[in-house]
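Residue-level structural notes
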Amino acid sequence: MRKDKKQLIGDEIGDEQIKLFLDFEPVDAISPSLHKLIKAYRGLRIDDFGRFLTFFKEAGYDLDGKDEHGQTFVDIIKDQRNADEYIELIEQTRG
């Protein structure tokens, strides 16, 4: 495979499947917005996560939702290997 091509594993998912990540609700003190972001981060490929953010913003959720320790999504993932790509998408969604 060429270096400029990303490998996609699995079937492409549709908008309705991506929107299902908006249905997840927390069971602890975490904000619903943050919970949805974390679930989507863990469950979606980067391109699908970008599509998710469009639906997330349209639904009026908060990109800066916090957990019980006051951490945002960016705070939580910033030390992870592929965090830069996700943080860039968050920044683009903020506009």
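What you see is a predicted model, and the numbers here were worked out from it, not measured in a lab.

Assigned secondary structure in the chain consists of five helices and zero strands. When the helices and strands of the chain are listed from N to C terminus, the series reads α-α-α-α-α. Across the 95 residues in the chain, those meeting the buried criterion constitute 36%. Taking all contacts inside the chain whose residues are at least 6 apart in sequence as the whole, residues at least 24 apart take part in 62%.

What follows is about the nonpolar core. Nonpolar side chains in soluble globular proteins tend to end up buried together. Grouped together as the largest cluster of nonpolar side chains are 25 residues, with contacts concentrated most on Leu 37, Phe 49, Phe 52, Leu 53, Phe 73 and Ile 90. For this core, the secondary structure elements donating two or more residues are α2 (32–43), α3 (46–58), α4 (73–77) and α5 (83–94). The leading source of residues in this core is α3, at six residues. With residues up to four places along the chain from it excluded, the contact list for Phe 73 reads Leu 34, Leu 37, Ile 38, Tyr 41, Phe 49, Gly 65 and Ile 90.

Cut-offs applied
- Residues numbered from 1 in each chain as written.
- Predicted model: local features only at pLDDT ≥ 70, side-chain atom pairs only at ≥ 80, totals over all residues.
- Heavy atoms only, no water.
- Helix = DSSP H or I, 4+ residues; strand = E, 2+ residues; numbered from the N terminus.
- Buried < 20%, exposed > 50% of the residue type's maximum accessible area, 1.4 Å probe, protein only.
- Contact = heavy atoms within 4.5 Å.
- Core = buried A, V, L, I, M, F, W, Y, C linked by side-chain atoms within 4.5 Å.

Functional significance is not addressed by these values, which are geometric in nature.
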